[in-house]
Amino acid sequence: CKSINFLYYPDIMKFTRTKIICTIGPASSKISILKKLHKSGMNVARINMSHATHESAKEIIDSINIINSSNAGSNSRIGILLDTQGPEIRTGDTSLPIELEVGDEVTLTVRDETDVETSSIKVNYKGLIESVSVGSQITVDNGLINFKVLSKESETLLCKVIHGGKIGSKRHVNLPGVRINMPSITTKDIEDIEFGIKHNVDFIAASFVRS
């Protein structure tokens, strides 16, 4: 679940109490699809900078500006929301998905990829070992897979699988209840925010808000 904080500009959507936010990706970025979404009730177009490039985001912004220009004077202007990626913890690359069964014991490691055994799961957060305690829960892939920490070493965690499944490459890792030692706004976020300001987006969303 992602925390999203954004400013509200009442002049953009002042006649509707319920707002529909649509995430725009490759399948929905054509102007013909955006017009259909708008006609169906879309109030805000969300651009997810975890996946979008500045080039693809600019194409979406330009298309929405065209739609808004064609509806000048109406009360149905589409707002543009740029959603920053924020800090991310992910698993490493794997040639084949790793199948995990409930009760299995696996190793999570922060060592360099070249040092990782095939039975280990690489995590890209160097502070992982210090951040968790024995008994802590670690979730992967938005909570589909869950581990319980059994023991710690300097660069590895021995974990028990609580909820199993397949882990592919670069899956999201969450540490419930743990304050991670990562910046709330990354260098990429700053570049994306500057891009959003340059192109006059209406909202900027911050991920992993802590206070």
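Everything below is about the structure shown above.
A quick note: this is a predicted structure, and the numbers were derived from the prediction, not measured.

Cut-off values and rules
- Residues numbered from 1 in each chain as written.
- Predicted model: local features only at pLDDT ≥ 70, side-chain atom pairs only at ≥ 80, totals over all residues.
- Heavy atoms only, no water.
- Pairing = 2+ DSSP bridges.
- Helix = DSSP H or I, 4+ residues; strand = E, 2+ residues; numbered from the N terminus.
- Buried < 20%, exposed > 50% of the residue type's maximum accessible area, 1.4 Å probe, protein only.

With respect to the sheet that holds strand β11 (residues 173–174)
A sheet is described by the order of its strands in space; here 6 strands give the open sequence β6-β5-β9-β8-β7-β11, paired in mixed fashion. Of all strands in the sheet, those with a lone pairing partner are β6 (120–122) and β11, marking the two edges. In terms of strand pairing, strand β7 (residues 137–140) meets β11 through 2 bridges, oriented antiparallel. Bridge pairing links T139 to N174 in β11.

Points about the environment of V106
Residue position: V106 is located in strand β5 (residues 105–109). With 15 residues separating them along the chain, V106 and I121 place their C-alpha atoms 7.7 Å apart.

A short note on the environment of G79
Within the secondary structure layout, G79 lies in strand β3 (residues 79–83). G79 sits 36 residues away from N43 along the chain, and the two C-alpha atoms are 6.2 Å apart.

Comments concerning the pairing of β3
Counting buried positions along β3 gives 5 out of 5 residues, so the element sits mostly inside the fold. Burial along β3 is two-sided: the face carrying G79, L81 and D83 and the face carrying I80 and L82 are both buried. Summarising the sheet, strand β2 (residues 44–48) and β3 pair through 5 bridges and their orientation is parallel. Opposite I47, over in β3, you have L82 as the bridge partner. Of the pairings in the sheet, the one linking β3 to strand β12 (residues 203–205) comprises 3 bridges and is parallel in character. In the strand pairing of β12, L82 is matched with I204.

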